[in-house]
Amino acid sequence: SGCTGLIEAPELPATVLADFCYRGMFKDCTGLIACPELPATDLEVACYGGMFEGCTNLKDYRLPNGITNNVDASFIFKNCAKIP
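Bear in mind the structure is a predicted one, so any value in this text is a computation, not a measurement. (Residues numbered from 1 in each chain as written. Predicted model: local features only at pLDDT ≥ 70, side-chain atom pairs only at ≥ 80, totals over all residues. Heavy atoms only, no water.)

1. As for the overall build of the protein
The condition is simple: To qualify as a helix, a DSSP run of H or I must reach at least 4 residues; to qualify as a strand, a run of E must reach at least 2; elements of each kind are numbered from the N terminus. A 1.4 Å probe rolled over the protein chains alone gives each residue an accessible area, and that area as a share of the maximum for its type sets the label: buried under 20%, exposed over 50%, partly exposed in between. Only heavy atoms matter for contacts: two residues are in contact if any of them lie within 4.5 Å across the pair. All accessibility values rest on the Shrake-Rupley procedure with a 1.4 Å probe; residue burial counts only the protein chains present in the view.
Along its length, the protein carries zero helices and zero strands. Within the span of the protein, comprising 84 residues, buried residues form 38% of the whole. When contacts within the protein are restricted to residue pairs at least 6 apart in sequence, long-range pairs at least 24 apart make up 73% of them. With an accessible surface of roughly 4,700 Å², the protein has 52% of that area assigned to carbon and sulfur atoms.

Structure (structure tokens):
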């Protein structure tokens, strides 16, 4: 988190996630313009919570696989001004 010069996120190939495992991972990475593919389908509590919070230059994003009524969906992209 806080890596303002990061413009491309690394590959995150995990398909099974633990509680809070990616929480805040890219928070405030204001140079990030696209989200990585997130192939996990076995999600745990808040595993994506706030993952891209404050990434104000994001232009390309997709909700991760498996997020439907998960609490993560409500704040994964919090304060990402460019997201429609």
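From this point, things continue past the structure.
2. A few points about the packing of aromatic side chains
Here is the rule we go by: Pairing of aromatic side chains here covers Phe, Tyr and the six-membered ring of Trp, requires ring centres within 6.5 Å, and sorts the geometry by plane angle: under 30 degrees stacked, over 60 edge-to-face, intermediate tilted.
Throughout the structure, instances matching the rule amount to three aromatic pairs. Ring geometry for Phe52 against Phe77: centres 5.5 Å apart, planes inclined by 15 degrees, an arrangement best described as stacked. Both residues of the pair, Phe52 and Phe77, count as buried. The structure contains a cluster of three or more aromatic residues connected by ring pairs, namely Phe26, Phe52 and Phe77.

3. Description of unusual backbone geometry
Trans is the prevailing form of peptide bonds, just as negative phi is the prevailing case for residues other than glycine. The residue Phe20 is not glycine, and still its phi comes out positive at about 60 degrees. Here Phe20 falls in the partly exposed class, since its relative accessible area comes to 43%. Even without being glycine, Asn79 reaches a positive phi, approximately 60 degrees. Under the relative-accessibility criterion, Asn79 is labelled exposed at 52%.

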